[in-house]
Amino acid sequence: MENLFYYPITLEMMKIPVLAPDGYMYKKSAIENWLNEHGTSPQTRQMMRTEDLVPNCILQYLIEY
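No experiment lies behind these values; they were computed from the predicted model shown. (Residues numbered from 1 in each chain as written. Predicted model: local features only at pLDDT ≥ 70, side-chain atom pairs only at ≥ 80, totals over all residues. Heavy atoms only, no water.)

Colleague: Sorry if this is basic, but what is going on with the nonpolar core here?
Modeller: Most often, soluble globular proteins keep nonpolar side chains buried together rather than apart. Within the largest apolar cluster, 13 residues are counted, with the highest numbers of intra-cluster contacts made by Tyr26, Ile31 and Leu53. Contributions of two or more residues to this core are made by helix H1 (28-38) and helix H2 (57-64). Of the residues forming this core, the biggest block, 3 residues, is contributed by H1. Apart from the residues within four sequence positions on either side, Tyr26 is in contact with Tyr7, Met14, Ile16, Pro17, Val18, Ala20, Ile31, Ser41, Pro42 and Gln43. (Core = buried A, V, L, I, M, F, W, Y, C linked by side-chain atoms within 4.5 Å. Buried < 20%, exposed > 50% of the residue type's maximum accessible area, 1.4 Å probe, protein only. Helix = DSSP H or I, 4+ residues; strand = E, 2+ residues; numbered from the N terminus. Contact = heavy atoms within 4.5 Å.)

Right under this line is the structure:
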């Protein structure tokens, strides 16, 4: 089950998971870097802002425990 928490782009454990407006879950630091450079979803290419990211507290709990 631990493999479920690895972020496929960085191949690292997802430390702070966030839900984006495109409906996908991302590692916070990775998606912030992406959005600062591109301004769009890496999945759907729709416009997104870092301010629109929402922490996923439940997934964070599962990763930590």
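From this point, the narrative continues.
Colleague: Is there a simple way to explain the confidence of the model for the chain in this structure?
Modeller: The predicted coordinates should not be examined in detail at positions where pLDDT is low. Chain-level pLDDT for the chain is 88 on average; 92% of the residues reach the 70-or-more range. The spread of mean pLDDT over the elements of the chain runs between strand S1 (residues 6-7), the lowest at 73, and strand S5 (residues 54-55), the highest at 96. (pLDDT = per-residue confidence, 0-100.)

Colleague: Would you explain a nonpolar patch on the surface in this entry?
Modeller: On the surface, a cluster of nonpolar side chains totalling about 530 Å² of accessible area is made up of Ile58, Tyr61, Leu62 and Tyr65. On the secondary structure map, Ile58 appears in helix H2. (Patch = residues over 30% accessible without salt bridge, like charges linked within 9 Å, V, L, I, M, F, W, Y side chains within 5 Å. Areas by Shrake-Rupley, 256 points an atom, 1.4 Å probe, with all protein chains shown as cover. Salt bridge = Lys/Arg side-chain N within 4 Å of Asp/Glu carboxyl O.)

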